[in-house]
Structure formats: structure tokens, C-alpha cells
Amino acid sequence: MSGARRLGIVVPYRDRQQHLDALLPLLADFFASPELRGALTVKLLVVEQATGLPFNRGMIKNIGYNLLAPEVDYICFHDVDLVPLDADYSWPSQPAMACFHGLDFKPDFVRQLFGGVVLLQKLHFEAANGYSNAYWNWGFEDVDLRERLLRCGLPPQHREGTYRKLPHNDEGSHPDGKPTEAHQQNQRKYTSQWFRKTETGWARKPNLVGAWRAEGLNSAQFDQLTPRCPIGPQGANAEHVIVALRHAPEAAG
Ligand code: UDP
Ligand code: MN
């Protein structure tokens, strides 16, 4: 491919104003740093979910992809609360998780994840049919995408990026440390979809033709409530948009 490949960054967002105010200038500085100058052409889109329904990070990221993909060559999904200190956002030959150090997780655990800051070719994301839209509130849409990618023969890689976490309460747990109901429900959904219990433990279902092929990027329905408007410092090349989801969580499940 001739010329620099254009990177699109989607930040799923709702009600984290302090994080957003901190991240945008820091990211702009990061991409303008002397080591990186000119190497990456970056366009960022903050996709805010309108009030009403519970937060659905997977669907918001699918929507962000649909809005941004026509203008870029590859895509990054970026939590609003992770600030890169030393990280590699270059073209991913395989799907890649960019954050590693600074997450406060053990390395072996991080290697089972595919969240925080991830990079994919458009081909990768479309092969997986994007994120599931079925995970509401906290958790598991990211590892669900990892399973989709594995079923497509696209195992994620891990780049050893160092990040700073901006502090917040754990949305997946109650103050006493117990997982929230949504956390548990999403965990059950994820586990039953992708794994089966055997005598020796859990085994991956092959699940090559599962419901995920019809549920994801190709089925995220939304209304765009605001035009895309510039946001953040000049030179950040960032825009903001508010979208409303047309789906609601199933009553049970
Ligand atoms: N997020 C958001 N508002 C919310 C929940 C999540 O903007 O109410 C976005 C935000 O980009 C955040 C990401 O989803 O960084 C991941 O959520 P969270 O930080 O709660 O997950 P955790 O840190 O537990 O992985
Ligand atoms: Mn977080």
C-alpha cells in the first residue's frame, strides 16, 4: 500500500468527562511526539451512547466502526481511561492488544484478554462480524470478540505497551467486591456460547457457524442524534458524536 496507512480510533463513551478531558490532549501529544511524528495519520471518534438504555460497549464500538471505517485503513478501539506512555499503534498484521504493562493484571491473565486498547485491520474486524451487541453494562464483549477472532483463524497478538490507568470505581463489582448481576449474566452468556464443560475442565466449542455470524457488526442499529463535531485540543483530529441504540436488552437471558 502506498502512503501512510490511516488509523481510526474509536473511543466508546458515556459519563466519563474527566477521563475524556484528560485523554484527548495526552493522546494528541503522544501522536505528535518526536519519535512518532509523521509516522501515523490518526483520526479519533468519541462515540457517546445517549442516556436511556444501559451502556452497551460492544454495540457502541460497532457503531463507531461503521461511522469511521470508510475514512481509515485500520481501526483501534480505545478505552477512555488508558493513557499510552510507550505503545505501538502501527498497522497490525494480526489483531493486536496494545496495552500490557500498567493494567495491574498478571501477564498470563493479560494474554487471555483482548481489551483496553486493541488494533485490527478492517478485514479482521469484519471477518469476526465485530463485537456482539448482546453484552449490556459491564464486561465480556471484549473476550467475546477474541473468541470470534479465534474461530476465524485470527489469534490476537500482544504488544508490550505501557499505559497509565485513570482511576475509577469498578463497574463490574459491588463495593464489597462481589460481581454485579450484569457481570454474572454476561459471564454466563460468554461461557455458554463458547465453552463446554468436560471431565477435565472447560473446552472451547468449535462454533464456526454460530449465531455470532448474524449478530454483531452487521446487526447494530442506531440513530445518530448529533452531527460529528470537533472535540479536544486543536491538532487532536478528534470528533464527537452521540448515538442512540435501537435495541433494548432482552427481558431475560
Ligand atoms: N465506558 C464509558 N462509560 C461507562 C462505562 C464504560 O465511557 O459508563 C467506556 C470507557 O471508554 C471505559 C470503557 O468503556 O474506559 C471500559 O469500561 P470500564 O473502564 O468501566 O471497564 P474496566 O476498567 O473495568 O475494564
Ligand atoms: Mn476502565
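Let me sum up the structure you'll find in this document. (Residues numbered from 1 in each chain as written. Chains lettered and ligands numbered in written order. Predicted model: local features only at pLDDT ≥ 70, side-chain atom pairs only at ≥ 80, totals over all residues. Heavy atoms only, no water.)

Right, let's talk about the site of ligand 1 for a bit. Looking at ligand 1, the residues that line it are Pro 12, Tyr 13, Arg 14, Arg 16, Phe 55, Arg 57, Asp 79, Val 80, Asp 81, Trp 138, His 168 and Glu 171. Interatomic distance of 2.9 Å between a side-chain N/O atom of Arg 57 and an oxygen atom of ligand 1. Within the backbone of Val 80, a nitrogen or oxygen atom sits 3.0 Å from an oxygen atom of ligand 1. Contact with the protein chains hides 83% of the accessible area of ligand 1, taken as 510 Å² for the molecule alone. A majority-of-atoms criterion places ligand 1 in the largest pocket. (Near = heavy atom within 4 Å. Polar contact = N/O pair within 3.5 Å; in protein donor to acceptor, adjacent residues only side chain to side chain. Areas by Shrake-Rupley, 256 points an atom, 1.4 Å probe, with all protein chains shown as cover. 1 Å grid on protein atoms, 1.4 Å probe; cavity = no way out; pocket = protein on both sides within 12 Å on 5 of 7 lines; lining within 4 Å. Sits in = over half its atoms within 2 Å of the grid points.)

Let us now look at the coordination of the manganese ion (ligand 2). Within the protein, the atoms that donate to the manganese ion (ligand 2) are Asp 81 (OD) and His 168 (NE2), at distances of 2.0 to 2.3 Å. Separated by 87 residues along the polypeptide, Asp 81 in the loop between β3 (74-78) and β4 (82-86) and His 168 in the loop between β7 (157-165) and α6 (181-194) bring together distant segments of the chain. For Asp 81, a relative accessible area of 10% puts it in the buried group. Note on His 168: relative accessible area 40%, which makes it partly exposed. (Donors = N, O, S within 2.8 Å, 3.2 Å for Na, K, Ca; no water. Helix = DSSP H or I, 4+ residues; strand = E, 2+ residues; numbered from the N terminus. Buried < 20%, exposed > 50% of the residue type's maximum accessible area, 1.4 Å probe, protein only.)

Okay, the pattern of salt bridges next. Opposite charge on two side chains lets them pair, provided their charged atoms get close. Under the definition given, this model contains 19 salt bridges. Asp 144 is the salt-bridge partner of Arg 148, the closest N and O atoms lying 2.9 Å from each other. One end of the pair, Arg 148, and the other, Asp 144, are both in helix α5 (residues 141-151), 4 residues apart, so they sit about a helical turn from each other. Neither residue differs from the other here; Arg 148 and Asp 144 are each classed as buried. Residue Asp 223 pairs with Arg 246 through a salt bridge whose shortest N-O separation is 2.9 Å. Taken as a pair, Asp 223 in strand β10 (residues 222-224) and Arg 246 in the segment after β12 (238-245) lie far apart in primary sequence, 23 residues in all. Exposure remark for Asp 223: the relative accessible area of 31% places this residue in the partly exposed category. (Salt bridge = Lys/Arg side-chain N within 4 Å of Asp/Glu carboxyl O.)

Looking now at the side chain of Gln 49. Note on placement: Gln 49 falls in strand β2 (residues 41-49). The buried category is assigned to Gln 49, whose relative accessible area is 2%. From its side chain, Gln 49 meets the backbone oxygen of Leu 53 in a polar contact 3.4 Å long. Among the polar contacts made by the side chain of Gln 49, one reaches the main-chain carbonyl oxygen of Pro 54 at a distance of 2.8 Å.

On the secondary structure map, Glu 199 appears in the loop between β8 (195-198) and β9 (201-204). Classification of Glu 199 by relative accessible area gives exposed; the value is 88%. In sequence terms Glu 199 and Ser 93 are 106 residues apart; their C-alpha atoms lie 37 Å from each other.

Here we take up the environment of Asn 237. Tracing the sequence through the fold places Asn 237 in the loop between β11 (229-230) and β12. C-alpha of Asn 237 to C-alpha of Leu 44: the two residues are 193 residues apart in sequence and 6.3 Å apart in space. With near-sequence residues (within four places) excluded, Asn 237 lies in contact with Val 42, Lys 43 and Leu 44. (Contact = heavy atoms within 4.5 Å.)

This next bit is on the packing of aromatic side chains. Taken as a whole and judged by the stated rule, the model has 13 aromatic pairs. Measuring from centroid to centroid gives 5.7 Å for Phe 30 and Tyr 89, while their planes differ by 65 degrees, and the two rings are edge-to-face. Of this pair, Phe 30 sits in helix α1 (residues 17-31) while Tyr 89 sits in the loop between β4 and β5 (96-101), placing them 59 residues apart in sequence. According to the relative accessible area criterion, Phe 30 is buried, its value standing at 11%. (Phe/Tyr/Trp six-rings, centres within 6.5 Å; stacked < 30°, edge-to-face > 60°.)

Further remarks concern the nonpolar core. Counting residues in each nonpolar core, the largest one holds 70 residues, and the members touching the most others are Phe 77 and Tyr 89. At 7 residues, the largest contribution of residues to this core is made by α1. (Core = buried A, V, L, I, M, F, W, Y, C linked by side-chain atoms within 4.5 Å.)

Honestly, that's just the spatial picture; any functional story needs more than this.
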